[in-house]
Amino acid sequence: MTTAPQTAPTGVAPPSGGRRVRSVRAGDRIAGWAFVAPFIVFFVAFMIWPMIHGLYLSFTEISLTGAGGNLVGFQNYAEAFADGDMWRSLGNTAWFTLLSTIPLVVLALVMAVLVEQGLPGQWLWRLSFFMPYLLASTVVSQIWIWIFNPQLGIANAVLTTFGLEGVAWLQDPNTAMIGVVIATVWWTIGFNFLLYLAALQNIPSQQYEAASIDGAGRLRQFWSITVPQLLPTTLLIVMLQILASLKLFDQVYQMTGGGPGGATRSILQYVYEVGFTGYRFGYSAAISYVFFAIIIVVSLVQFRLTRRSDS
């Protein structure tokens, strides 16, 4: 006579099941930390530690050669707030941000709308609009230095064709910043164009069909459907563009060197000149942290405005 094997009641786990689950979860945690450990090491070594060390240096009088290093408290910060050259460099950076952000948003939207409307040869338009963004800053700077050349440049050749006088674009304090802005817009507008183009393709076509049935024209559809639907993308582009423009350095340093007469010198270039030309590393660190605080304030304001618009 055989007997059926005894089985555990339904819903009751074996005694060792809890230990196995705990060991598996512990193994998963160890494996997870092992995967993220290289990133954490590099993040701490190249981001966190330099920020902490730079903040310490801003309270010292250390030079680029390593001499000096005595703590001076808030003396560097007090000097920075009284430094006219620093405030002028900040003003140049803010002026560039204002001049570049508006066309980089408006023109990118216009370009995306035109391509989305079905212009012939769309692949060519998309390629030509985005290709400059792939170029290095040195290449872009050299191209526009040649275009803005007072004697041989294309810019003045176009002006003289229409009976206008040539302009010393990068040598005149009144036009140097405009020249840098034009070069920057041509260089970076392709990224914003792609963001707007992707957002336009996500707008349901049924909304435009319903609006056309109700008698709304193209312009009315643009202001009542396209613009509201693109508001989140526009806020994102404005935020990214302001932060990118505040970090102005490459094209100014290569096209004008900050001149003429400091008319285009950005705050980052001033930090570079103070630290690596004037050898005042501690004071340079203090200026950079003042600028860092300004960026934090701008980011918080933008974040607050974004949350308010979303709500």
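All figures in this text were calculated on a predicted structure; none of them were measured in a lab. (Residues numbered from 1 in each chain as written. Predicted model: local features only at pLDDT ≥ 70, side-chain atom pairs only at ≥ 80, totals over all residues. Heavy atoms only, no water.)

K.L.:
Would you explain unusual backbone geometry in this entry?
P.N.:
As a rule of thumb, non-glycine residues mostly have phi less than zero, and peptide bonds are mostly trans rather than cis. Put simply, G259 and P260 share a cis peptide bond, and its omega is -5°. Assignment of secondary structure puts P260 in the loop between α11 (250-255) and α12 (267-277). For Y279, which is not a glycine, the phi torsion comes out positive at approximately 65°. Assignment of secondary structure puts Y279 in the loop between α12 and α13 (281-310). (Helix = DSSP H or I, 4+ residues; strand = E, 2+ residues; numbered from the N terminus.)

K.L.:
When you look at helix α6 (residues 154-161) in this model, what are you seeing that I'm missing?
P.N.:
Along an α-helix, a turn takes 3.6 residues, which lines up residues three or four apart on a common side. Within α6 the residues assigned to the buried category are A155, N156 and L159. For α6, the buried positions fall inside an angular range of 90° around the axis, keeping them on one side. The secondary structure elements touched by the buried residues of α6 are α5 (137-147). Positive phi shows up at G163, right after α6, with a value of about 80°. (Buried < 20%, exposed > 50% of the residue type's maximum accessible area, 1.4 Å probe, protein only. Arc of directions from axis to C-beta. Contact = heavy atoms within 4.5 Å.)

K.L.:
Just checking my understanding: could you explain the packing of aromatic side chains for this structure?
P.N.:
Two measures describe an aromatic ring pair: the distance that separates the ring centres and the angle between the ring planes. Following the criterion strictly, the structure yields 20 aromatic pairs and no others. On the numbers, 5.1 Å between centres and 80° between planes, the contact of F129 with F193 is edge-to-face. Of this pair, F129 sits in helix α4 (residues 122-130) while F193 sits in helix α7 (residues 176-201), and the two are 64 residues apart along the sequence. Exposure remark for F193: the relative accessible area of 0% places this residue in the buried category. Residues W144 and F148 carry aromatic rings whose centres are separated by 5.3 Å and whose planes lie at 40° to one another, so their mutual orientation is tilted. For F148, a relative accessible area of 3% corresponds to the buried category. Site record: aromatic cluster; members linked through ring pairs are F249, Y253, Y272, F276 and F281. (Phe/Tyr/Trp six-rings, centres within 6.5 Å; stacked < 30°, edge-to-face > 60°.)

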